[in-house]
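# Architecture at a glance
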Amino acid sequence: PAKPVVAKGDTVMVGTLLGEAGGFVSANIHSSVSGTVKAIEPYAMPNCRVCDSIVITTDGAQTVDPAVQPPVVTDKASFLAAVRASGLVGLGGAGFPADVKLQPKAPVDTLLINASECEILLSSDTREMLENSETVISGIQAVLQYTGIPRAIIGIERNKPECIDLLCSLTKDVPSIAVHPLPAVYDTGAELILIEKCLGREVPHGGLPADAGAIVMNVTSVSCLGKYLATGMPVVSRRITIDGDACAEPCNVVAPVGTSLQALVDFAGVKEGVTLGKVIAGGGMMGPAVPDLSAPTTKTSGGLLMLSAEAAAPKPVAPCIHCGRCVEYCPLGLEPVEVAAAFARKDVDELGKLHVDYCFTCGSCAFVCPANRPVTQMMTMAKDYYMTQTKGGKK
């Protein structure tokens, strides 16, 4: 976690450093508004983890901190320092610090840009490509220039032809950058699948993308990097898709990081005559339900889905009929039925043999289950159990 560098009563502006990276795998946090620090207190996030929060009473002026200036970048060291100072993390959802990702231990020959955006109903990455294509390209070029990676490939699903055409036109005279159209099939945006589709390589079990010669960055992440290098403005806002069958005005909004989910719901509105039954933070397949709309958006917030009471109504769960659909539709070929049996026995060795750690909770297994069983949730618990038991290579 980042360490607070402000105190109660301090005046802050847009871009003011609030929290300093607390370690190597950490990221700076900057103020997205101008105002006064009201409190520094623990806060329970929707994922049930408790972290320090800095509460700011806004003044509405959105005054930019004079310290916000374009960084001076001359070599790899100064480039990585600038990326770290920006607070940039993986904006596709994982939130891994970008400067750490750009320092792989294994040799890398390809920067792979994840522009797939395969999650249902989300379009924030699509809008970023269409509205900020120049900073997408400048961010990619900066990474190639200062890290020495020789080439970049932008993977985009074929159901976004306007994005493919635009980025192809911008890179036609740039031999180091290529656009790779991907099949419009869920879940091409997963790192392991993206690497296989674009490079024909397989990440070794337990390995990282760098072990397959690639670094994977989200398209909005490189766009934010391009903006930061040009303006010096750190990551203080996020483009968020608001949609769902209960949403009155589906839209993409640019919201300051820390905006309450309730504010987003109020902005888009609930359809007249419709009862809001559930709010999903993220996409329809992988996003978790939100128990409290006072929760803030974060750097990794990409979507907010408003579901009607009818759509959110639970379906009756029946016993597993061993139809095998969860295996058939798992993008990594995992076997949830076997995992469930091993998890019930708390058989760590068997969970390892079944590669439960490969699961990235894409939701496909639960979606196709005719018995409406919470297969994805079971896989998540089994993976957490396995990782906890084998942490550090010890059971």
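Residues numbered from 1 in each chain as written. Predicted model: local features only at pLDDT ≥ 70, side-chain atom pairs only at ≥ 80, totals over all residues. Heavy atoms only, no water.

## Re empty space enclosed by the protein
The gaps left among the atoms become clear once a water-sized probe is rolled over them. If you walk through the whole model with that rule in mind, you get one cavity of 30 Å³ or more. In this model, the largest cavity occupies a volume close to 110 Å³. Taken together, 13 residues form the lining of the largest cavity, with Cys 330, Leu 334, Cys 359, Cys 362 and Cys 365 sitting closest to its centre. (1 Å grid on protein atoms, 1.4 Å probe; cavity = no way out; pocket = protein on both sides within 12 Å on 5 of 7 lines; lining within 4 Å. Points joined across faces, edges and corners; volume = space filled by probe spheres on them.)

## A word on the sheet that holds strand β12 (residues 251-256)
In spatial order, the strands read β12-β11-β14-β13; together these four strands make up an open sheet with mixed pairing. Every other strand in the sheet has two partners, leaving β12 and β13 (276-281) as the edge strands with one partner each. Here the strands of the sheet are splayed against their neighbours by 25 degrees on average, with no regard to which way each runs. When β13 meets strand β14 (residues 303-308), the two strands line up antiparallel, connected through five bridges. (Pairing = 2+ DSSP bridges. Helix = DSSP H or I, 4+ residues; strand = E, 2+ residues; numbered from the N terminus. Axes fitted to C-alpha atoms, helices over the stretch in contact; angles between N-to-C directions.)

## Observations regarding the packing of helix α3 (residues 124-131) against helix α7 (residues 219-231)
At a closest axis distance of 9 Å, the pairing of α3 and α7 adopts a crossing angle of 40 degrees. It follows that α3 is oblique to α7 by the angle criterion. As for how α3 packs across α7, the hand of that crossing is left-handed. Two secondary-structure elements touch here, α3 through Asp 125, Glu 128 and Met 129 and α7 through Val 219, Thr 220, Ser 223 and Lys 227. (Parallel < 35°, antiparallel > 145°, perpendicular 65-115°, else oblique. Left-handed = near helix turned anticlockwise from the far one by under 90°. Contact = heavy atoms within 4.5 Å.)

## Concerning the nonpolar core
Soluble globular proteins: nonpolar side chains tend toward being buried together. If you look at the biggest cluster of nonpolar residues, it comprises 43 residues, and the most contacted ones within it are Phe 79, Leu 111, Ile 140, Ile 154 and Ile 156. Elements with a minimum of two residues in this core: α1 (76-86), β7 (110-114), α4 (133-147), β8 (151-157), α5 (161-171), β9 (177-182), β10 (214-218) and α7. Per element, the largest residue contribution to this core is seven residues, and it comes from α4. Setting aside its immediate chain neighbours within four residues, Leu 111 contacts Ile 140, Val 143, Leu 144, Ile 149, Arg 151, Ala 152, Ile 153, Ile 215 and Met 217. Among the nonpolar cores identified, the runner-up in size contains 20 residues, and Cys 326, Val 348, Val 375 and Ala 382 belong to it. (Core = buried A, V, L, I, M, F, W, Y, C linked by side-chain atoms within 4.5 Å. Buried < 20%, exposed > 50% of the residue type's maximum accessible area, 1.4 Å probe, protein only.)

## As for α4
With 15 residues, α4 extends 21 Å from end C-alpha to end C-alpha; this agrees with the ideal 21 Å at 1.5 Å per step. Extensive coverage of α4 is indicated by the burial of 11 of its 15 residues. Of the residues trailing α4, Gly 148 is marked for its positive phi of about 85 degrees. (Expected span 1.5 Å × (residues − 1).)

## A word on the sheet that holds strand β6 (residues 50-58)
The three strands lie next to each other as β2-β5-β6, forming an open sheet whose pairing is antiparallel. Edge positions in the sheet fall to β2 (11-12) and β6, since each of these pairs with one other strand and no more.

## Here's the deal with helix α14 (residues 375-389)
Along its 15 residues, α14 runs 21 Å from first to last C-alpha, staying within 8% of the 21 Å computed at 1.5 Å per residue. When we look at burial in α14, the residues that qualify are Val 375, Thr 376, Met 378, Met 379, Ala 382, Tyr 385 and Tyr 386. Of the surrounding elements, those touching the buried residues of α14 are α11 (336-345), α12 (348-353) and α13 (364-368).

## Comments concerning unusual backbone geometry
In this model, Tyr 186 is joined to Asp 187 through a cis peptide bond whose omega is 15 degrees. Backbone geometry at His 322 places phi at a positive 55 degrees, although glycine is not the residue there. With respect to the element layout, His 322 can be found in the loop between α9 (309-312) and α10 (325-329). With phi around 50 degrees, Thr 361 is a residue other than glycine that occupies positive phi space.

## What about the pattern of salt bridges?
Enumeration over the complete set of coordinates arrives at eight salt bridges. In this structure, the salt-bridge partner of Glu 131 is Arg 239, at a minimum N-O distance of 3.1 Å. Of the two residues, Glu 131 is situated in helix α3 and Arg 239 in strand β11 (residues 237-243); the sequence distance between them amounts to 108 residues. Exposure remark for Glu 131: the relative accessible area of 42% places this residue in the partly exposed category. With a closest N to O distance of 3.5 Å, Asp 347 and Arg 345 form a salt bridge. Residue Asp 347 is classed as partly exposed on the basis of its relative accessible area, which comes to 25%. (Salt bridge = Lys/Arg side-chain N within 4 Å of Asp/Glu carboxyl O.)

## Concerning the pairing of β10
Counting buried residues along β10, five of its five residues qualify, which places the element largely inside the surrounding structure. Of the two faces of β10, the one lined by Ala 214, Val 216 and Asn 218 and the one lined by Ile 215 and Met 217 are each fully buried. By the bridge criterion, five bridges tie β7 to β10 in an arrangement that is parallel. Note on β10: the bridge partner recorded for Ile 113 is Met 217.

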